[in-house]
Amino acid sequence: MNRSLMPLMLAASLFAVPGAVAQEASQPQPKISVTGEGEATLSPDMALITLAVVEEAETAREAMDANNAAMAAIIAKLKEEGIEARDLQTSGLSINPQYVYPNNRNDEEKPRITGYQVTNQLSVRIRDLSKVGQILDQSVTLGVNQGGQISFTNEDPSEALTEARKRAVEEAMAKAKTLADAAGVTLGNVIEISERMSRPQPMPMAGKMMRAEMAADSVPVEAGENSYSVQVEVTFSLGSQ
């Protein structure tokens, strides 16, 4: 062999080794991704309700005055029942003119204002669930004639969420092990993990609209349970058996 070619061949072989190592390192690492879901329930400790007063009169001033008087009496009664100021929040106030429109049953030539409607909506947080039915009933007696939507929630659902997370991860790991065993590979370390959490949706009580003719007895209310769900996606590395 020509001795002058030997240094070139040696140099080429030296450069070829790192290149092979780099190519091997660039190969994608075998991995598997699975999803697990966990759920935990918790008895609610708080109720959220909406109470609204709707008043109509010939003038906006008269409608507003009537509404103010009714809502003031309702708020005073709620405070007497132990509802704190921090748990009371005005969530809507509207003043709307009421019109009569021209049609084949009247002689109107153009829309005409016949009066005004004032609506004041109050959001109430009730921490003593035993008072929910009583508060709903008393509110109607004092002038609430719209609203009545109610949902039950938890002030601190962290305990249920922690349990749901554990169950979700356990399910994901069990799935991953089953798949790895079936494929004839070994399950490695966790590469990545992420979660998606689902909080319970408000569940309106039957009969959203409260009526002035509601029975005098306290409104029957059942709080039930809240279900908290967590979904996790876990990625594991894989090795050959």
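Use the structure listed above.
For the structure given in this document, a descriptive report is provided here. (Residues numbered from 1 in each chain as written. Predicted model: local features only at pLDDT ≥ 70, side-chain atom pairs only at ≥ 80, totals over all residues. Heavy atoms only, no water.)

**Considerations on the pairing of strand β4 (residues 112-126)**
In step 1: Pairing geometry for strand β2 (residues 46-57) and β4, over 11 bridges, is antiparallel. Its bridge partner being in β4, Ile49 is matched across the sheet by Val124.
In step 2: Of the pairings in the sheet, the one linking strand β3 (residues 88-100) to β4 comprises 12 bridges and is antiparallel in character. Of the residues in β4, the one forming a bridge with Leu88 is Val124. (Pairing = 2+ DSSP bridges. Helix = DSSP H or I, 4+ residues; strand = E, 2+ residues; numbered from the N terminus.)

**Describing the packing of helix α2 (residues 60-80) against helix α3 (residues 132-142)**
In step 1: Remark: α2 packs on α3, axes separated minimally by 9 Å, with the N-to-C direction vectors making an angle of 155°. When the interaxial angle is binned, α2 and α3 end up roughly antiparallel. When the axes of α2 and α3 are compared, the crossing they make is right-handed. Touching Ala70, Ala73, Ile74, Lys77 and Leu78 of α2 are Ile135, Gln138, Ser139 and Leu142, all from α3.
In step 2: Taken together, the residues of the contact of α2 with α3 break down into six nonpolar, two polar and one charged. (Axes fitted to C-alpha atoms, helices over the stretch in contact; angles between N-to-C directions. Parallel < 35°, antiparallel > 145°, perpendicular 65-115°, else oblique. Left-handed = near helix turned anticlockwise from the far one by under 90°. Contact = heavy atoms within 4.5 Å. Nonpolar A, V, L, I, M, F, W, Y, C, P; charged D, E, K, R; others polar.)

**Side note on the sheet that holds β3**
In step 1: With respect to topology, four strands assemble into an open sheet ordered β3-β4-β2-β5, the strand pairing being antiparallel. Pairing within the sheet leaves two strands with one partner each, and these edge strands are β3 and β5 (146-153). Across the sheet, the mean angle separating the axes of adjacent strands is 15° when strand polarity is ignored.
In step 2: Across the sheet, α2 is in contact with β2, β3 and β4; its angle to β2 comes to roughly 155°.
In step 3: Along the sheet face, α3 touches β2, β4 and β5 and points at about 5° away from the line of β2.

**A closer look at helix α4 (residues 158-183)**
In step 1: In this model, α4 (26 residues) spans 37 Å end to end at C-alpha, consistent with the 38 Å of a helix rising 1.5 Å per residue.
In step 2: Along α4, the positions that sit buried rather than exposed are Ala160, Leu161, Ala164, Ala168, Ala172, Ala176 and Ala180.
In step 3: Tucked into the core, α4 has its buried residues touching β1 (31-42), β6 (185-198) and β7 (226-240).
In step 4: Phi turns positive, to about 75°, at Gly184, one or two residues after α4. (Expected span 1.5 Å × (residues − 1). Buried < 20%, exposed > 50% of the residue type's maximum accessible area, 1.4 Å probe, protein only.)

**Regarding the nonpolar core**
In step 1: Ile49, Leu51, Ile74, Leu78, Ile83, Val124 and Ile126 are the most contacted members of the largest nonpolar core, which totals 20 residues.
In step 2: Where this core is concerned, the elements lending two or more residues are β2, α2, β4, α3 and β5.
In step 3: Here Ile83 is in contact with Leu78, Leu88, Val124, Arg125, Ile126 and Ile135, once residues within four sequence places are set aside.
In step 4: The next biggest cluster of nonpolar side chains, apart from the first, holds 14 residues, and it includes Ile32, Ala168, Ala172 and Tyr228. (Core = buried A, V, L, I, M, F, W, Y, C linked by side-chain atoms within 4.5 Å.)

**So, the packing of aromatic side chains**
In step 1: One pass over the structure, following the stated rule, counts one aromatic pair.
In step 2: Ring geometry for Tyr99 versus Tyr101: centroids 5.8 Å apart, planes at 35°, classification tilted.
In step 3: Its relative accessible area of 39% is what places Tyr99 among the partly exposed residues.
In step 4: For Tyr101, a relative accessible area of 48% gives the class partly exposed. (Phe/Tyr/Trp six-rings, centres within 6.5 Å; stacked < 30°, edge-to-face > 60°.)

**Overview of the pattern of salt bridges**
In step 1: Summed over all chains, the structure comprises 10 salt bridges.
In step 2: Measuring nitrogen to oxygen at the nearest pair gives 2.8 Å for the salt bridge that ties Glu84 to Arg86.
In step 3: When its relative accessible area of 41% is taken as the criterion, Glu84 is described as partly exposed.
In step 4: The exposure class assigned to Arg86 is exposed, which follows from its relative accessible area of 55%. (Salt bridge = Lys/Arg side-chain N within 4 Å of Asp/Glu carboxyl O.)

**Here's the deal with α3**
In step 1: A large share of α3 lies buried, amounting to eight of its 11 residues.
In step 2: Buried within α3 are the following residues: Val132, Gly133, Ile135, Leu136, Asp137, Gln138, Ser139 and Val140.
In step 3: Each element contacted by the buried residues of α3 is listed here: β2, α2, β4 and β5.
In step 4: Count one or two residues on from α3 and you reach Gly143, which has phi positive near 135°.

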